[in-house]
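A structural walkthrough
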Amino acid sequence: MANYLLVHAAWCDGSMWRHVAADLRLAGHDARVIDQLPSVGDEPGALGDLYADAAYLRSILDSATEDVVLVGHSYGGMVITEVADHPRIQHSVYLAAFWPKKGETLLDIRSAHPHEWLVPHGEGALRVTDDMAIAQEIMGADLGDDYAEFHRNLRLQSRASFTCTSNAPARTHPTSYVVCEQDRSIFVADQERMSTAANIVTRIDAAHMAPLSRPEAVTAELLRSTSFSAATPSDSSDRSETGIR
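Described below are features of the structure shown in this document. (Residues numbered from 1 in each chain as written. Predicted model: local features only at pLDDT ≥ 70, side-chain atom pairs only at ≥ 80, totals over all residues. Heavy atoms only, no water.)

1. Some remarks on the overall build of the protein
Regarding its fold elements, the protein presents 10 helices and 11 strands. Against the 2.2 N^0.38 benchmark of 18 Å for 245 residues, the protein shows a C-alpha radius of gyration of 17 Å, consistent with a compact globule. The 245 residues of the protein split such that 56% are buried. Across the protein, contacts joining residues at least 24 apart in sequence account for 68% of those joining residues at least 6 apart. Surface accessibility of the protein: about 10,100 Å² in total, with carbon and sulfur atoms responsible for 48%. (Helix = DSSP H or I, 4+ residues; strand = E, 2+ residues; numbered from the N terminus. Rg over C-alpha atoms; globule rule 2.2 N^0.38 Å. Buried < 20%, exposed > 50% of the residue type's maximum accessible area, 1.4 Å probe, protein only. Contact = heavy atoms within 4.5 Å. Areas by Shrake-Rupley, 256 points an atom, 1.4 Å probe, with all protein chains shown as cover.)

2. Observations concerning the environment of C12
By the secondary structure assignment, C12 is in the loop between β1 (3-7) and α1 (18-26). When its relative accessible area of 4% is taken as the criterion, C12 is described as buried. Sequence separation of C12 and L37 is 25 residues, and the distance between their C-alpha atoms is 9.0 Å. In contact with C12, not counting residues within four places along its chain, are V40, F150, L154 and M209.

3. Here we look at helix α2 (residues 50-62)
In an α-helix, one full turn covers 3.6 residues, which means residues spaced three or four apart are oriented alike. Spanning 13 residues, α2 covers 18 Å between terminal C-alpha atoms, matching the ideal 18 Å at 1.5 Å per step. Along α2, the residues classified as buried are L50, D53, A54, L57, I60 and L61. Taken end-on, α2 shows its buried residues confined to a sector of 120°, consistent with a single buried face. Among the structural elements, β1, β2 (30-33), β4 (68-73), α3 (76-82), β5 (89-95) and α7 (160-163) are those in contact with the buried residues of α2. (Expected span 1.5 Å × (residues − 1). Arc of directions from axis to C-beta.)

4. Some words on α1
Among the residues of α1, those classed as buried are V20, A21 and L24. Angularly, the buried residues of α1 cover 100° about the axis, an arc narrow enough to put them on a single face. Where α1 terminates, the next one or two residues include G28, which has phi positive at roughly 95°.

5. A word on the side chain of R155
Relative to the assigned elements, R155 resides in the loop between α6 (147-152) and β8 (156-158). In this structure R155 comes out as buried when scored by relative accessible area, which is 18%. Reaching out from R155, the side chain makes a polar contact with the side chain of Q36 at a distance of 3.2 Å. Side-chain polar atoms of R155 contact the side chain of D42, separated by 2.9 Å. Residues within four places of R155 in sequence aside, it is in contact with W11, D13, Q36, V40, G41 and D42. (Polar contact = N/O pair within 3.5 Å; in protein donor to acceptor, adjacent residues only side chain to side chain.)

6. Quick look at the state of the cysteines
Counting across every chain of the model gives 0 disulfides. Of the cysteine sulfurs around C12, a residue in no disulfide, the closest is that of C180, at 13 Å. (Disulfide = S-S within 2.5 Å.)

This is how it looks when you write it as structure tokens:
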């Protein structure tokens, strides 16, 4: 049995993992979800930054009694990178996620979009545009009619979480990167570039919110990471590629 710890994206909360977590549990594993990072919420002046998110995640890892497979989606990749030196991490998985190098911010590694979809909301907060056509094209092109409900549940995100420089401590465990090949939020070319640091790279035919649109494919990739961790020494530099369509 593996122990998964799932870290959500910006503007979201842990509910984005509900289908994947349920599938992992049905497969006989433990799946714990970070309910809400400090950088996400409804009160702009009270939102934390990347370091607050990392401290919160580190406190959860400190209390863990078993090693975990740590999974970060989108902005969650910034957060899991900050705790990469934690001894409780068995394997890290970046799902269509930002993977910074030391000294980089999210804004440093985020490519410009033809339609700017991040809107200032006062007191250092950002929200997703109310233009539903643009928002869905970028965040959930394959969610169909379910996108409207997803959009209604989006929260505010602190701008500071995007401008903090990553500490990117050295890790001693293997990593996977899952590229979402229809992603228009983090462009595929950016994902491919960041994935070169991973031990194993896989691909799924999904847009950015794959945990909601393709939970079965995401679950399969997380289970693949579990088997890879069991077979690979923590200091391995071996690299392989595969994919699910």
